[in-house]
Amino acid sequence: MMDVKEIRKYLPHRYPFLLVDRVVELVPGESIVAYKNVTVNENFFNGHFPDYPVMPGVLIVEAMAQAAGILGFKTMGKTPEDGSIYYFVGSDKLRFKRPVVPGDRLQLEAKIISEKRGIWKFEVRSTVDGDVVSTATILCADRKV
């Protein structure tokens, strides 16, 4: 388990862009399960959409990428303080199955597929109450800053 205080050690993101609230399962070198509590107070709901608030798909993908980033950093045994940053550099097979609305608990899952020369490939998925929200294969690059 990782709470938000520990998560902040592994992600350089801060409010309003830190999109992982808790890690509930993590096996370095393999997989992670985390979640984001979605509340009506999120800034993006003011404009997306005021009369029917829906979490933007790009932020769902970003949340999955952040979970994958934690997994990558934990697997490598380093943090952003070590002079490393994890860039989200691509996605394939991205699909959305249902909207995410205020009150949802967005579960984020990532599994490592491969790593070559600092380019990591993850299979990611998000769900709400067991229903699939989105799936994708994403690429992240570990780079020095």
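Residues numbered from 1 in each chain as written. Predicted model: local features only at pLDDT ≥ 70, side-chain atom pairs only at ≥ 80, totals over all residues. Heavy atoms only, no water.

- As annotated in an unreviewed UniProt entry, the chain carries the name 3-hydroxyacyl-[acyl-carrier-protein] dehydratase FabZ and comes from Amphritea opalescens.
- On record in UniProt, under Subcellular location (unreviewed entry), the comment for the chain is "Cytoplasm".
- Under the UniProt heading Catalytic activity (unreviewed entry), the entry covering the chain gives this text: "a (3R)-hydroxyacyl-[ACP] = a (2E)-enoyl-[ACP] + H2O". (UniProt positions renumbered as here; feature names shortened; annotations may be inferred.)

1. Re the UniProt feature "active site" (unreviewed entry) in the chain
- Under the present numbering, the feature "active site" (unreviewed entry) in UniProt falls on H48.
- With respect to the helices, strands and loops of the structure, H48 is situated in the loop between strand 2 (31-37) and helix 2 (57-76).
- With sequence-adjacent residues up to four places away left out, H48 is seen in contact with P53, V54, M55 and P56. (Helix = DSSP H or I, 4+ residues; strand = E, 2+ residues; numbered from the N terminus. Contact = heavy atoms within 4.5 Å.)

2. A look at the nonpolar core
- With 38 residues, the main nonpolar core has M55, L106 and F122 as its most contacted residues.
- Broken down by secondary-structure element, the contributors of at least two residues to this core are helix 1 (4-10), strand 2, helix 2, strand 4 (105-116), strand 5 (119-128) and strand 6 (131-144).
- In terms of residues, this core owes the most to one element, helix 2, which gives 11 residues.
- When neighbours within four sequence positions are excluded, L106 is seen to be in contact with A34, Y35, K36, V38, M55, I60, V100, S126, T127, V128 and V133. (Core = buried A, V, L, I, M, F, W, Y, C linked by side-chain atoms within 4.5 Å. Buried < 20%, exposed > 50% of the residue type's maximum accessible area, 1.4 Å probe, protein only.)

3. Structural notes on a nonpolar patch on the surface
- A cluster of nonpolar side chains, Y87, V89 and V145, forms an exposed patch at the surface whose accessible area comes to about 310 Å².
- Structurally, V89 can be placed in strand 3 (residues 84-96). (Patch = residues over 30% accessible without salt bridge, like charges linked within 9 Å, V, L, I, M, F, W, Y side chains within 5 Å. Areas by Shrake-Rupley, 256 points an atom, 1.4 Å probe, with all protein chains shown as cover. Salt bridge = Lys/Arg side-chain N within 4 Å of Asp/Glu carboxyl O.)

4. Looking at the pattern of salt bridges
- Summed over the entire model, instances satisfying the criterion amount to 5 salt bridges.
- Across the pair R125 and E109 runs a salt bridge whose closest N-O atoms are separated by 3.2 Å. Pair noted here: R125 is in strand 5 and E109 is in strand 4, with a separation of 16 residues, a long-range link.

5. Looking at the pairing of strand 1 (residues 22-27)
- Sheet topology places strand 1 next to strand 2; 5 bridges connect them, and they run antiparallel. What sits directly across from R22, in strand 2, is Y35.
- Hairpin connection from strand 1 to strand 2: 3 residues lie between these consecutive antiparallel strands, with G29 at a positive phi of about 85°. (Pairing = 2+ DSSP bridges.)

6. Describing the packing of aromatic side chains
- Tallied over the full model, the rule gives 5 aromatic pairs.
- Ring pairs connect the aromatic residues F73, Y86, W120 and F122, which therefore count as one cluster.
- Sitting above the plane of the Y35 ring, R105 keeps its charged end 3.6 Å from the centroid. (Phe/Tyr/Trp six-rings, centres within 6.5 Å; stacked < 30°, edge-to-face > 60°. Lys NZ or Arg CZ within 6 Å of the ring centre and 35° of its normal.)

7. A few points about the environment of I119
- Residue placement: I119 occurs in strand 5.
- Measuring from C-alpha to C-alpha, the distance between I119 and L11 comes to 17 Å, with 108 residues separating the pair along the chain.
- Leave out the neighbours within four places in its chain, and I119 touches S114, L139, C140, A141 and R143.

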